[in-house]
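Examination of the molecular architecture
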Amino acid sequence: MDVTLKIRRYNPEVSEDVRWEEHTVSMQPTDKVLDALHKVKWEIDGSLTFRRSCAHGVCGSDAMRINGRNRLACKTLVKDVNPDQPVSIEPIKGLPVLKDLVVDMEPFFDAYRSMLPFLVTTGNEPTRERLQSQQDRDRFDDTTKCILCAACTTSCPVYWTDGQYFGPQAIVGAHRFIFDSRDEGTDQRLEILNDKEGVWRCRTTFNCTEACPRGIEVTKAIQEVKRALIFRR
Amino acid sequence: MATPQVLAPRTPRKARSNFEQNSWLFMRFSGVLLVVLVLGHLFINLMRGEGIHAIDFAFVAGKWTNPFWQTWDLMMLWLAELHGVNGLRTIINDYAERDTTRFWLKSLLYLSAVFVLVLGTLVIFTFDPCLDPASTLDVCQK
Ligand code: SF4
Ligand code: FES
């Protein structure tokens, strides 16, 4: 079948103007949108720029706006994006576009870093491992699945208009440690998220939950952090 | 000779503020209360007895001689105003991008809130249906 991709192109080295380019490629319905992009890049226009690495939904590098919704191009099948119409493909919103579909992810990673996304402990290290019951492990299982693709953060209307907000992903990253029984940095993280730009900016729009290609219940995680803040100490 | 100054701790802890948390909680609680207050208000004023036809200056004045309704209306006024102002504050924070815009919009907002609250509170406690000497209302024909 023939699929038309309508791709948002931007190359500041050539022009500050944004243009939309259409390419029609012949694909199988069960091909991925990423395959279609490859076909364009490899066979039609080598200057098309986008990120991808694993092509199997693991690395999180190819989040983009496909038909207005944030998805991983490598996890979206052509037949699922209404291929009878031109399929629009844009970079994710809210982060500075560098070229075509590539955005500057630094602000996004900065927010993640400020959550102390590592195990914080005090005292002596145990000789072997830090034990944890299955139950305690299950408590934060959902948020361990995050692949930092930024689909959630860049689907959030608060993040679009106010880049100061940490964004859903950072809260998911913090949640993973806040509810980890082995971790002792909970207070610090909660304090960071109690900030003006923290969890209270969330309006429970649910865009993030809908966007997450890993099926993480992002809004729920944010609500759990709110609850932890209200009922702490 | 001056003693060498000891530097302040390198990462001074910011004074902890729960303002955003409290305002978030306020929205929830005031929202629930307002549902009761406003629906109750609408029911009493518009449906009970003669309904909307009973409403005139005298009706309002009658209600406000009763401390129960004074408290009810006072609560409704303050909760609704603060609830609305807080909501708008949030929207301004979300959507006003420049600091100066934000500042002026918020100043305007807070000023209007003070105005409404002061005026409303004043009226609830000092309402006089016969302020106009030419009033033809029954209560004023003594
Ligand atoms: S929570 Fe989901 S959408 Fe957000 S960065 Fe992680 S994997 Fe991506
Ligand atoms: S290319 Fe790795 S997640 Fe899509």
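Residues numbered from 1 in each chain as written. Chains lettered and ligands numbered in written order. Predicted model: local features only at pLDDT ≥ 70, side-chain atom pairs only at ≥ 80, totals over all residues. Heavy atoms only, no water.

What follows deals with unusual backbone geometry. Residues and elements named next belong to chain A. Its identity as a non-glycine residue notwithstanding, Asn67 has a phi of 50°, on the positive side. Summarising the element assignment, Asn67 is placed in the loop between strand S3 (63-66) and strand S4 (69-72). Owing to a relative accessible area of 33%, Asn67 belongs among the partly exposed residues under this scheme. A positive phi is found at Ala150, a non-glycine position, where the angle reads about 75°. Note on placement: Ala150 falls in the loop between helix H3 (134-139) and helix H4 (157-161). In this structure Ala150 comes out as buried when scored by relative accessible area, which is 1%. (Helix = DSSP H or I, 4+ residues; strand = E, 2+ residues; numbered from the N terminus. Buried < 20%, exposed > 50% of the residue type's maximum accessible area, 1.4 Å probe, protein only.)

All names here are of chain A. Ligand 1 sits among 13 residues. The nearest are Cys146, Cys149, Cys152, Gln169 and Cys212. When atom positions are compared with the pocket grids, ligand 1 is found to occupy the second largest cavity. Looking at side-chain class alone, the shell around ligand 1 contains 11 nonpolar, 1 polar and 1 charged residues. (Near = heavy atom within 4 Å. 1 Å grid on protein atoms, 1.4 Å probe; cavity = no way out; pocket = protein on both sides within 12 Å on 5 of 7 lines; lining within 4 Å. Sits in = over half its atoms within 2 Å of the grid points. Nonpolar A, V, L, I, M, F, W, Y, C, P; charged D, E, K, R; others polar.)

This part takes up the nonpolar core. Within the largest apolar cluster, 64 residues are counted, with the highest numbers of intra-cluster contacts made by A:Leu5, A:Leu37, A:Ile89 and A:Leu193. Leaving out residues up to four positions away in the same chain, A:Leu193 has contacts with A:Met115, A:Phe166, A:Ile171, A:Ala174, A:Ile178, A:Gly198, A:Val199, A:Trp200, A:Val225 and A:Leu229. The next biggest cluster of nonpolar side chains, apart from the first, holds 7 residues, and it includes B:Leu34, B:Trp69, B:Trp72 and B:Met76. (Core = buried A, V, L, I, M, F, W, Y, C linked by side-chain atoms within 4.5 Å. Contact = heavy atoms within 4.5 Å.)

What follows covers the environment of A:His38. Position of A:His38 among the secondary structure elements: in helix H1 (residues 33-44). Not counting chain neighbours up to four residues away, the residues in contact with A:His38 comprise A:Glu43, A:Phe50 and A:Arg52.

So, about empty space enclosed by the protein. Residue and element names in this part refer to chain A. Applying the stated rule across the entire model yields 2 cavities of 30 Å³ or more. By volume, the largest cavity amounts to about 80 Å³. Lining the largest cavity we find 14 residues, and of these Cys156, Cys202, Arg203, Thr205 and Cys208 sit closest to its centre. Broken down by secondary-structure element, the contributors of at least two residues to the lining of the largest cavity are H4 and helix H7 (207-211). When the residues that make up the lining of the largest cavity are grouped by side-chain class, the tally is 9 nonpolar, 3 polar and 2 charged. Approximately 70 Å³ is the volume attributed to the second largest cavity. Lining the second largest cavity are 13 residues, and of these Cys146, Cys149, Cys152, Cys212 and Ile216 sit closest to its centre. Taken together, the residues of the lining of the second largest cavity sort by class into 11 nonpolar, 1 polar and 1 charged. (Points joined across faces, edges and corners; volume = space filled by probe spheres on them.)

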